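Next come the chains, spelled out residue by residue.
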Amino acid sequence: MLAIAGVSAGLAAGFAERGLPGVAQAAVGAAAGFSIMLLFYLGGALGAGDVKLFAAIGALSGIWLALSIITYSILSAGIIAVVILINKRQLLARAKQMLHALIGFICLKRLHLPKQDMIRFPFLLAVIPGVAAALWELWGKGDLG
């Protein structure tokens, strides 16, 4: 329900600000956020709620800020995953496993990563610093201020 409200608010704000072109801009942002994160969902890396959240983020922020938030969120997720692996003392073992998977992909053209070995944590923990970094970048460029 929150994602629907976010998309609706983005569409309404777009209409209030620029009319139908604003609605189209919000719709493109929502579609971009949704479709990019849908790929991660289909790969088993995210839940459906994260996909809907990024549709709302895209509708509210527009495509370029949404893409920046996605990028920073994914980078944050990687940092969080490394911290978790260090804490569990599994970093070297996982790095070796990833190297073997990469070599197998290069040589055999198939990638095999067991899903049960995936690191799980709420992706929102990576979205929060992702939003902060994207807004910091905008602020640094003078676009927020």
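These numbers come from a predicted model, not from an experiment.

### Notes on the overall build of the protein chain
- Along the backbone of the protein chain there are 6 helices and 0 strands.
- Start at the N end of the protein chain and walk to the C end: the helices and strands fall as α-α-α-α-α-α.
- Viewed in the frame of its principal axes, the protein chain has a C-alpha envelope of about 55 × 30 × 30 Å.
- The proportion of buried residues among the 145 residues of the protein chain is 28%.
- Taking all contacts inside the protein chain whose residues are at least 6 apart in sequence as the whole, residues at least 24 apart take part in 64%.

### Some remarks on helix α6 (residues 124-141)
- Look at α6: 26 Å from first C-alpha to last across 18 residues, which is about the 26 Å you get at 1.5 Å a residue.
- Listing the buried residues of α6 in full gives Ala126, Val127, Gly130 and Ala134. The buried residues of α6 occupy one face: seen down the axis, they fall within an arc of 100 degrees. Residues Ile128, Trp136, Trp139 and Gly140 are exposed on α6 and point more than 90 degrees away from its buried face.
- For α6, the elements touching its buried residues are α3 (48-61) and α4 (63-87).

### Points about the packing of α3 against α4
- Their axes nearest at 7 Å, the elements α3 and α4 cross at an angle of 140 degrees. One finds that α3 runs oblique with respect to α4. Where α3 crosses over α4, the handedness of that crossing is right-handed. The segment α3 lies against α4, with Phe54, Ile57, Gly58 and Ser61 engaging Ile63, Leu65, Ala66, Ile69, Ile70 and Ser73.
- When grouped by side-chain class, the residues that make up the contact of α3 with α4 number 7 nonpolar, 3 polar and no charged.

### So, a nonpolar patch on the surface
- A cluster of nonpolar side chains, contributed by Leu39, Phe40, Tyr41, Leu42 and Ile74, occupies part of the molecular surface with about 480 Å² of accessible area.
- With 4 residues, helix α2 (residues 20-42) is the largest single contributor of residues to the nonpolar patch.
- Structurally, leucine 39 can be placed in helix α2.
- According to the relative accessible area criterion, leucine 39 is exposed, its value standing at 60%.

### Side note on the environment of methionine 1
- Mapped onto the secondary structure, methionine 1 falls in the segment before α1 (2-18).
- Here the alpha-carbon distance between methionine 1 and isoleucine 119, two residues 118 residues apart in the chain, equals 28 Å.

### Quick word on the nonpolar core
- Among the nonpolar cores identified, the biggest contains 14 residues, and Met37, Phe54, Ile57, Ile69, Phe123 and Val127 are the most heavily contacted of them.
- Every element with two or more residues in this core is listed here: α3, α4 and α6.
- If you tally residues by element for this core, the top one is α4, at 5 residues.
- With sequence-adjacent residues up to four places away left out, methionine 37 is seen in contact with Leu46, Val51, Phe54, Ile70 and Phe123.

### Overview of the side chain of serine 76
- Inspection of the secondary structure assignment puts serine 76 in helix α4.
- The residues contacting serine 76, other than those within four sequence positions of it, are Ala126, Pro129 and Gly130.

### Some thoughts on the environment of valine 83
- Along the chain, the position of valine 83 falls in helix α4.
- Looking at valine 83, the relative accessible area reads 52%, which means it is exposed.
- Along the chain, valine 83 and alanine 31 lie 52 residues apart, while their C-alpha atoms are 32 Å from each other.

Here is what the cut-offs are and how they apply
- Residues numbered from 1 in each chain as written.
- Predicted model: local features only at pLDDT ≥ 70, side-chain atom pairs only at ≥ 80, totals over all residues.
- Heavy atoms only, no water.
- Helix = DSSP H or I, 4+ residues; strand = E, 2+ residues; numbered from the N terminus.
- Buried < 20%, exposed > 50% of the residue type's maximum accessible area, 1.4 Å probe, protein only.
- Contact = heavy atoms within 4.5 Å.
- Expected span 1.5 Å × (residues − 1).
- Arc of directions from axis to C-beta.
- Axes fitted to C-alpha atoms, helices over the stretch in contact; angles between N-to-C directions.
- Parallel < 35°, antiparallel > 145°, perpendicular 65-115°, else oblique.
- Left-handed = near helix turned anticlockwise from the far one by under 90°.
- Nonpolar A, V, L, I, M, F, W, Y, C, P; charged D, E, K, R; others polar.
- Patch = residues over 30% accessible without salt bridge, like charges linked within 9 Å, V, L, I, M, F, W, Y side chains within 5 Å.
- Areas by Shrake-Rupley, 256 points an atom, 1.4 Å probe, with all protein chains shown as cover.
- Salt bridge = Lys/Arg side-chain N within 4 Å of Asp/Glu carboxyl O.
- Core = buried A, V, L, I, M, F, W, Y, C linked by side-chain atoms within 4.5 Å.

None of the figures reported here should be taken as evidence of function without further support.
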